Amino acid sequence: TDISTHILDQRMRSPVYNASGVMCRETTELEAVRHSDAGALVSKSCTLEARDGNPEPRYAATPFGSINSMGLPNHGYRYYLDYAAHYDYTDKPLFISISGLSLADNLHMLDAFQRLKRPLLPEVNLSCPNVPGKPQLGYSFDDMATALTAIHAAMDIPFGVKLPPYFDISHFEMAAEIFNRFERLKFLTCINSIGNGLVVDTDSETVLIKPKNGLGGIGGDYVLPTALANVNTFYRLCPDKQIIGCGGIGAGEQVFQHILCGASAVQVGTRLWEEGAGLFTRLNQELVAIMQRKGYQCLADFRGKLCTL
Ligand SMILES: CC(C)(C)CCc1c(C(=O)O)[nH]c(=O)[nH]c1=O
């Protein structure tokens, strides 16, 4: 049973790896993912300068997932640039998440990474903050088109984007129309956390996290249906791009479902935060067991073959 996959021409022995933001801010964490059974690794979204992020508590596990308002804590792009400069690319693919506070910052960082002349894979976080008072880039279609036009013009290496969840069919169509303009935009990672949820503790009658009056991105079991809808819809609307699934993965079954919906690889956030890097070994084993039960030899036997009624 072969669970290997490729993103562009880069082979992954397993289709499963970490989601940006989890187990990837420190080089020690990146190395833990690299030494695990994950098929790749992605770094914490970086900004031009290092950031402490928001006051704690800023992450909380909940009965069916998690809530977070980390506030982009990271060591600044140079720290991840150094990791990418010395990385052994024959091992497993390295994705670099970029979340500049402005288009100029994104262009500066992306240029620095492409000047390394290494096969790293940039993942531009479109949940990055836009001008205050405007929706995030991923929800401001004109600004998103402007930013991607500038990024595509500046990038001569392939890159991807990390997308917020969409819910309205017209938004899927408008977003896909924009992404399909850009040939070197080669992969779409769907989805980021579902924004600005609120989790309340009944006994204390209090929110769980300190920032933003307790509002934060929701991950975990709660988001699986939305994640699968985004994976499958962009899989159908953007046939020239690969889809990386993210959201609601806690067992091999959800890895299977994401790939059935069209994902070429999948990322795990909440479950990885809660379980640690041994998770990848478990998910790989559970995926193999499902494939064996169904008689599939490789991921291509079922990728994108979701049946409709
Ligand atoms: C939400 C932002 C702080 C604007 C970007 C970083 C980010 C964070 C974060 O650092 O709070 N959390 C997420 O679940 N997704 C993200 O993309």
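Relevant structure appears above.
Residues numbered from 1 in each chain as written. Predicted model: local features only at pLDDT ≥ 70, side-chain atom pairs only at ≥ 80, totals over all residues. Heavy atoms only, no water.

## A word on the site of the ligand
- Within the structure, the ligand sits among Lys44, Asn68, Ser69, Met70, Gly71, Leu72, Asn125, Ser127, Pro129, Asn192 and Ser193.
- Within the backbone of Met70, one N or O atom sits 3.0 Å away from an oxygen atom of the ligand.
- In the environment of the ligand, an oxygen atom lies 2.9 Å from a nitrogen or oxygen atom belonging to the backbone of Gly71.
- Protein coverage of the free-state accessible area of the ligand, which is 390 Å², stands at 76%.
- Looking at the shell around the ligand residue by residue, the class counts come to 3 nonpolar, 7 polar and 1 charged. (Near = heavy atom within 4 Å. Polar contact = N/O pair within 3.5 Å; in protein donor to acceptor, adjacent residues only side chain to side chain. Areas by Shrake-Rupley, 256 points an atom, 1.4 Å probe, with all protein chains shown as cover. Nonpolar A, V, L, I, M, F, W, Y, C, P; charged D, E, K, R; others polar.)

## Here's the deal with unusual backbone geometry
- Of note, the bond from Glu56 into Pro57 is cis; its omega dihedral lies within 30 degrees of zero at 0°.
- Cis geometry marks the peptide bond from Cys190 to Ile191; its omega dihedral reads 5°.
- Checked against the element boundaries, Ile191 lands in the loop between strand S10 (185–190) and strand S11 (194–198).
- Backbone geometry places Leu8, a non-glycine residue, at a positive phi of 55°.
- Assignment of secondary structure puts Leu8 in the loop between strand S1 (5–7) and strand S2 (10–12).
- The backbone phi angle of Lys117 is positive, close to 60°, even though this residue is not glycine.
- As for its placement among the helices and strands, Lys117 is situated in the loop between helix H3 (103–114) and strand S8 (121–125).
- The exposure class assigned to Lys117 is exposed, which follows from its relative accessible area of 71%. (Helix = DSSP H or I, 4+ residues; strand = E, 2+ residues; numbered from the N terminus. Buried < 20%, exposed > 50% of the residue type's maximum accessible area, 1.4 Å probe, protein only.)

Everything listed here is a matter of geometry and, on its own, says nothing about what the molecule does.
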